[in-house]
Amino acid sequence: MPIPPLALDATVPVLVFKIGRYILHHGTVGIVRSLVRLGVPVYAVVEDRFAPVAMSRYTAGAFVWETRGLDAEPLLAGLATIGDRLGRPTILVPTDDSAAAFIAEHADLLEKWFLFPRLPRELPRQLGNKKDLYFLCKRAAVPHPEAAFPYSTGDVYDFIERARFPLVVKAAEAWRLPQGARSVSIANTPRELIAIYRQAESSESPNLMCQEYIPQACAEDWIFHGYSNPQTGCLVAFTGKKLRSCPPFAGPTTLGVPVANEPLGQQTERLLKAITQASWTSIIAWTNGMASTSSSTSTRGSARFPDVRGSRRRRRGASAASGPHGKERWPITGRGRPHLHCGAL
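Residues numbered from 1 in each chain as written. Predicted model: local features only at pLDDT ≥ 70, side-chain atom pairs only at ≥ 80, totals over all residues. Heavy atoms only, no water.

Undergrad: Please clarify how the nonpolar core should be interpreted in this entry.
TA: Side chains of a nonpolar character, in soluble globular proteins, are inclined to be buried together. Judged by nonpolar contacts, the single largest core of 23 residues is most densely connected at L15, F17, L79, L92, F102, L110 and F114. Of all the secondary-structure elements, those providing two or more residues to this core are β2 (14–17), β3 (42–46), α3 (72–86), α4 (97–105) and α5 (107–110). In terms of residues, this core owes the most to one element, α3, which gives six residues. Membership of the second largest hydrophobic core comes to 19 residues, among which are I31, V42, A62 and I91. (Core = buried A, V, L, I, M, F, W, Y, C linked by side-chain atoms within 4.5 Å. Buried < 20%, exposed > 50% of the residue type's maximum accessible area, 1.4 Å probe, protein only. Helix = DSSP H or I, 4+ residues; strand = E, 2+ residues; numbered from the N terminus.)

What follows is the structure, given as structure tokens:
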């Protein structure tokens, strides 16, 4: 039976917002291309006027704005400037953990210009924190890789005494890492673990965690995308398999395929019930293909959840008055402030 086309309100535009610098972001391009094909004009915050989404012919406008490292005050001022320039209520879609947390924490101020689901103030930041997610999985009885959270170099040396290598080393909150530090690494030896810790950790604010490594020979990487809220439960769900990542075995997906995985879907729905939030949720699940030999609670074929990413979106949109090449053009000047760039494509 053919699926009827979506009936979208095309009178409200969308702004894709991020905090951080990642120019080659396929997710933003996917949002723009999908919504514009449905008649919804989409604007995007970018760090460079030559970023792919800024050059895309689908983008109504790109605000060139270096948001990385900005405090709340300049971020609010920049979004207020964008909101004033757009001149109408605009759906605000975050594409990273920092942006989602920022919107929830400043919702009362941002709602003057933007539309977004109202979430508990602390929820997005908790879900973006892998340490908090680890304990959420424990409380919800959802299988997960075992982890340790050292607070000092001494703790790392103590942990080495009982650890089994290799290990996955990652930041509980990736946005707090020093510039240039990797958010996920694999430590094959105690010496590598110490080196990673000294490079990326802050003694004033511990942020690194050591996580059980599931060998590639007996593991698969799975992805879950879905929408859930307390009223409807998990309204829609999709599962897929990661085939390639960058860097290999410890990075974002560069190639994946949709594959049905009912056990993963059921486990994820149980986790979403524990969260009980209204959000678009992307959960990356590492699944053991055989009985685990570690101390993990995972059993054959069960998923372990090391990461959750959420983005909030309402299915509405709008058409906008066009400038050259169909993109609106407004210069915005000032240090740390966004300006609208119009690409040629």
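Anyway, onward from the coordinates.
Undergrad: Can you walk me through unusual backbone geometry in this structure?
TA: A negative phi holds for most residues other than glycine; trans holds for most peptide bonds. For the bond running from F165 to P166, omega is 0°, close enough to zero to count as cis. By the secondary structure assignment, P166 is in the loop between α8 (153–160) and β8 (167–171). The backbone of A141 shows a phi angle near 60°, a positive value even though the residue is not glycine. Looking at the element boundaries, A141 is found in the loop between α7 (130–139) and β7 (147–148).

Undergrad: Any chance you could explain the pairing of strand β12 (residues 233–245) here in plain terms?
TA: Here strand β11 (residues 219–229) pairs with β12 via nine bridges, running antiparallel. Bridge pairing links S228 to C234 in β12. Here β11 hands over to β12 after three residues, the two strands then running antiparallel side by side. (Pairing = 2+ DSSP bridges.)

Undergrad: How should I be thinking about the environment of N261 in this particular structure?
TA: The residue N261 is located in the loop between β13 (253–258) and α10 (262–275) in this model. Residues in contact with N261, not counting those within four places in the same chain, are W222 and T239. In terms of polar contacts, N261 uses its side chain to reach the backbone amide nitrogen of L264, at 3.0 Å. (Contact = heavy atoms within 4.5 Å. Polar contact = N/O pair within 3.5 Å; in protein donor to acceptor, adjacent residues only side chain to side chain.)

Undergrad: Help me out: how do you make sense of the packing of α8 against helix α9 (residues 190–200) in this one?
TA: Here α8 crosses α9 at 160°, and the two axes come no closer than 11 Å. In this view, α8 runs roughly antiparallel relative to α9, as classed from their interaxial angle. The element α8 and its partner α9 pack so that their crossing is right-handed. Seen from α8, the contacting residues are T153, V156, Y157, F159 and I160; seen from α9, they are P190, L193, I194, Y197 and R198. For the contact of α8 with α9, the per-class residue count stands at eight nonpolar, one polar and one charged. (Axes fitted to C-alpha atoms, helices over the stretch in contact; angles between N-to-C directions. Parallel < 35°, antiparallel > 145°, perpendicular 65-115°, else oblique. Left-handed = near helix turned anticlockwise from the far one by under 90°. Nonpolar A, V, L, I, M, F, W, Y, C, P; charged D, E, K, R; others polar.)

Undergrad: For this particular structure, what's the right way to read a nonpolar patch on the surface?
TA: Taken together, the side chains of L243, L255, V257 and V259 make up a nonpolar region of the molecular surface, amounting to roughly 280 Å² of accessible area. Turning to its location among the elements, L255 is positioned in strand β13. Its relative accessible area of 37% is what places L255 among the partly exposed residues. (Patch = residues over 30% accessible without salt bridge, like charges linked within 9 Å, V, L, I, M, F, W, Y side chains within 5 Å. Areas by Shrake-Rupley, 256 points an atom, 1.4 Å probe, with all protein chains shown as cover. Salt bridge = Lys/Arg side-chain N within 4 Å of Asp/Glu carboxyl O.)

Undergrad: Would you mind showing me how to read the side chain of N207 here?
TA: Considering the arrangement of structural elements, one finds N207 in the loop between α9 and β10 (208–212). On the accessibility criterion, N207 (5% relative accessible area) is buried. Within the structure, the side chain of N207 is placed 2.9 Å from the backbone nitrogen of E173, a separation counted as a polar contact. Looking at N207, its side chain comes within polar contact range of the side chain of R176, at 3.4 Å. In this structure, N207 is in contact with K170, A171, A172, E173, R176, L177 and E201, ignoring residues within four places of it in sequence.

Undergrad: Honestly, the packing of aromatic side chains in this entry has me stumped. Any pointers?
TA: Remark: the centre distance and the inter-plane angle together describe each pair of aromatic rings, the angle taken between the planes. What the rule picks out here adds up to six aromatic pairs. Between F17 and F102, the aromatic rings sit 6.4 Å apart at their centres with planes inclined by 55°, giving tilted as the arrangement. You can see F17 sitting in strand β2 and its partner F102 sitting in helix α4, a full 85 residues away along the chain. Each member of the pair, F17 together with F102, is buried. (Phe/Tyr/Trp six-rings, centres within 6.5 Å; stacked < 30°, edge-to-face > 60°.)

Undergrad: I would appreciate a short explanation of α9 in the present structure.
TA: Side chains of residues three or four places apart in an α-helix project in the same direction, reflecting 3.6 residues per turn. Turning to α9, its buried residues are L193, I194, I196, Y197 and A200. For α9, the arc enclosing every buried residue in end-on projection is 165°, short of the 170-degree limit, so these residues lie on one face. α9 presents R191, R198 and Q199 as exposed residues on the side facing more than 90 degrees away from its buried surface. Along its buried surface, α9 packs onto α8, β8, β9 (184–187) and β10. (Arc of directions from axis to C-beta.)

Undergrad: What am I meant to see in the pattern of salt bridges here?
TA: Side-chain pairing between opposite charges can occur once the charged atoms of the two side chains come close. Scanning the entire structure with this criterion turns up seven salt bridges. For R21, the salt bridge is made with E66, and the minimal N-O distance between the two is 2.7 Å. Here the residue R21 occupies a position in the loop between β2 and α1 (26–37), and E66 occupies one in the loop between β4 (61–64) and α3, the gap between them amounting to 45 residues. Residue classification places E66 among the partly exposed positions, given a relative accessible area of 31%. Between R125 and E105 there is a salt bridge whose closest N-O contact spans 2.6 Å. Separated by 20 residues along the polypeptide, R125 in helix α6 (residues 123–128) and E105 in helix α4 bring together distant segments of the chain. Under the relative-accessibility criterion, R125 is labelled partly exposed at 27%. Taken together, the shared-partner salt bridges in this structure form one network comprising D108, E111 and R118.

Function cannot be inferred from these measures alone, as they are strictly geometric.
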